[in-house]
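Structural description and commentary
So you can see what is in the structure, the chains are spelled out below.
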2 protein chains.
Amino acid sequence: VLISSERADRPNEFAHAPVHRNASIECPFCPGNEHLTPPEVLTYTDRGAGTWTLRVVPNKYPAIGMQADPEIAGAHEVIIESPEHHATLGQQLMRAVRDRMLYWKQDERIRYVQFFKNSGEAAGASLEHPHSQLIALPMVPARVREELDGSARYFEDHGRCFFCDELREGARLILETDQVQAVAPWAPRFGFETWILPKAHESHFENTEPAAVQALNGALRIIIGKLDEAAAHPAYNVILHTAPLHEPELEHYHWHLEILPRITGVAGFEWATGYFINSTEPEEYARLLRDSP
Amino acid sequence: VLISSERADRPNEFAHAPVHRNASIECPFCPGNEHLTPPEVLTYTDRGAGTWTLRVVPNKYPAIGMQADPEIAGAHEVIIESPEHHATLGQQLMRAVRDRMLYWKQDERIRYVQFFKNSGEAAGASLEHPHSQLIALPMVPARVREELDGSARYFEDHGRCFFCDELREGARLILETDQVQAVAPWAPRFGFETWILPKAHESHFENTEPAAVQALNGALRIIIGKLDEAAAHPAYNVILHTAPLHEPELEHYHWHLEILPRITGVAGFEWATGYFINSTEPEEYARLLRDSP
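I will try to describe carefully the structure that is included in this document. (Residues numbered from 1 in each chain as written. Chains lettered and ligands numbered in written order. Predicted model: local features only at pLDDT ≥ 70, side-chain atom pairs only at ≥ 80, totals over all residues. Heavy atoms only, no water.)

1. A word on the nonpolar core
One finds Met94(A), Val97(A), Phe115(A) and Ile196(A) to be the most contacted residues of the largest nonpolar core, which totals 47 residues. When residues of this core are assigned to their parent elements, the largest contribution, 9 residues, is made by helix α4 (residues 210-231) of chain A. The contacts of Phe115(A), once residues within four sequence positions are left out, are Ile79(A), Leu93(A), Met94(A), Val97(A), Ser132(A), Gln133(A), Leu134(A), Val238(A), Ile239(A), Leu240(A) and Leu257(A). Residues Val56(B), Ala73(B), Val113(B) and Val180(B) belong to the second largest nonpolar core, which totals 46 residues. (Core = buried A, V, L, I, M, F, W, Y, C linked by side-chain atoms within 4.5 Å. Buried < 20%, exposed > 50% of the residue type's maximum accessible area, 1.4 Å probe, protein only. Helix = DSSP H or I, 4+ residues; strand = E, 2+ residues; numbered from the N terminus. Contact = heavy atoms within 4.5 Å.)

Written out as structure tokens, the structure is:
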């Protein structure tokens, strides 16, 4: 648990429902309001139009970071994915994630950069304008460590990468391009949970070729569109799991994006046990998303 | 992940918001509608009034259990805590939990009985009438195993029970009776998270004296009342963590109730890392709840 009293200053910290700012005139992420955010650490621009297409800025209310405490190595950044307030998901998002991971990798104290996107109130979003977040951490997160350990055991038992095996499960395949596949995972915790993985075995996201990163971004946009159709625009989280920055290439681990729709609620049983209850087989979710336009 | 296709038949399984049945005339848990639930496995009655005061019935849509699959040892039960539709929390609830745990302990295949309560839509409740649930499992849940391991390490390092040490932290004390204490835990994941523990070291809830169980029930009702005042009637989960049924008394483990208010949302960062971000110190939550009427 990170206790971050800076975040207590955040508007609406104790309220039940987050603020929705529909009017782009008061949205801190809309063009013209750049002065409402801290200065950019990364900007992409459209040379033709002379405007920015993506900005990365430090979070004004950091959960962790040098901003809050110079003793603690860490940072909390916001990716403003598009200048358009009503866009769904930016076209350069995953490229920006890779760029920022390569930046933080130069800092020996940063062991992991966690990318995540919250979309919709039920998924924890407090602003409507399309944005995502990065938290640079001085430790490898507990869940990532669990995945690393679990996949190492799988490799020991089977002599193969668990994630490469997932790519061979045709009945759970949702989408395939030259570079990536989207699949319904073997044990979905949430209804319509979807993972996107590179077809080539690769443990470190930041080492992936730009073309594959672009294919990932395209597949993510398609999956969100299918999800919007199949499940009536649900709130969702997207998270990236990848090998820790300063570890060597791992033959048992394979980076992947997890898309976690927040359709079924997480209740007492899940908090108590760490187990999830799902009423539908992953093959059925895969079929529904494959058939969705 | 438990895949339970029986639950797909549950009303509203795919809808965003659960049904609220305000009229007690159609509430399956109100007196007069007993035919809408499976037959009781436990009933408490008020001899004076000639009516039931609490009923335990098998869940009509079990997540696990002999009901669903005779090969899998397990059961999913619902505790109807009170005949009153608008009561907040039953007066005999924890006594019923103890009775059902003692019942399931006779079955060698059942290794753990998970008690949990979901109150409010944001906490996963689909019915308004006060009720809780029990899931009897053929394994010890992952999170319970983590707590057992963590507390064993603490005992090795400090020679004392972690939970007994929590009881000595006056600045985080919320409530104290002869038998139990309510405290803000050292690392609260949720705003106003509260634990209730017996003052005497006890690893197994089902071995606790009835008087202490009754004191626990009273303290739980007071804490929920304080929470309703301090945080405007939030949704919440209550879970019980106790030693596995067939393990001997443990000197490093201490049963406890966890009250998890669902005020701050759980978003991408938490799902990705297993870490939580909290903007307030536990001492401050304890002070707010102590001062709350």
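2. Quick word on the sheet that holds strand β9 (residues 194-198) of chain B
All names here are of chain B. Here 10 strands make up an open sheet; going across it, the order is β2-β3-β4-β6-β5-β10-β11-β9-β8-β7 and the pairing antiparallel. The sheet terminates laterally at β2 (42-46) and β7 (173-176), the two strands that pair on one side only. When strand polarity is set aside, the average angle formed by the axes of neighbouring strands in this sheet is 15 degrees. Strand contacts of helix α6 (residues 282-291): β7 and β9, with the helix running at about 40 degrees to β7, the strand carrying the most contacts. (Pairing = 2+ DSSP bridges. Axes fitted to C-alpha atoms, helices over the stretch in contact; angles between N-to-C directions.)

3. Focus on the sheet that holds strand β7 (residues 173-176) of chain A
Residue and element names in this part refer to chain A. Across the sheet, which stays open at both edges, the 10 strands sit in the order β2-β3-β4-β6-β5-β10-β11-β9-β8-β7 with antiparallel pairing between neighbours. The two strands at the open ends of the sheet, each matched to only one other strand, are β2 (42-46) and β7. Ignoring strand direction, the axes of neighbouring strands in this sheet form an average angle of 15 degrees. When strand β9 (residues 194-198) meets strand β11 (residues 256-261), the two strands line up antiparallel, connected through 3 bridges. Looking at β11, one finds that Thr194 is bridged to Ile259. Each of β7, β8 (180-183), β9, β10 (236-241) and β11 touches α4; the most contacted strand, β11, lies at about 15 degrees to it.

4. Examining the interface of chain A and chain B
In this assembly, 58 residues from chain A lie in contact with 58 residues from chain B. Interface area for chain A against chain B, summed over the two sides, is near 4700 Å², with a carbon-plus-sulfur share of 67%. Where chain A packs against chain B, one counts 0 salt bridges. Remark: the boundary between chain A and chain B carries 14 residue pairs in polar contact (both at pLDDT 80 or more). Counting only elements with at least two residues in the side of chain A that touches chain B, the list comes to β1 (2-3), β5 (112-119), β6 (131-137), α2 (142-158), β10, α5 (268-273), β12 (277-278) and α6 (282-291) of chain A. Looking at the side of chain A that touches chain B, the element that brings in the most residues is α5(A), giving 5 residues. Here the residues of the side of chain A that touches chain B are counted per class, giving 35 nonpolar, 16 polar and 7 charged. (Buried area = accessible area lost by both parts, 1.4 Å probe. Salt bridge = Lys/Arg side-chain N within 4 Å of Asp/Glu carboxyl O. Polar contact = N/O pair within 3.5 Å; in protein donor to acceptor, adjacent residues only side chain to side chain. Nonpolar A, V, L, I, M, F, W, Y, C, P; charged D, E, K, R; others polar.)

5. A few points about the relation of the copies chain A and chain B
Mapping chain A onto chain B leaves a residual RMSD of 0.0 Å; the transformation is a rotation of 180 degrees accompanied by 0.0 Å of translation along its axis. The symmetry that links the two subunits is that of a two-fold axis. A share of 100% of interface residues in chain A that are also interface residues in chain B marks the association as one of identical surfaces. (Least-squares fit on C-alpha atoms with pLDDT ≥ 70 in both.)

6. Points about the pattern of salt bridges
Residue and element names in this part refer to chain B. Within the structure shown, the criterion is met by 30 salt bridges over all chains. Arg172 is the salt-bridge partner of Glu166, the closest N and O atoms lying 3.1 Å from each other. Residues Glu166 and Arg172 agree in their burial class; the two are buried. Where Glu193 meets Arg189, a salt bridge forms, and the shortest distance between an N and an O atom there is 2.9 Å.

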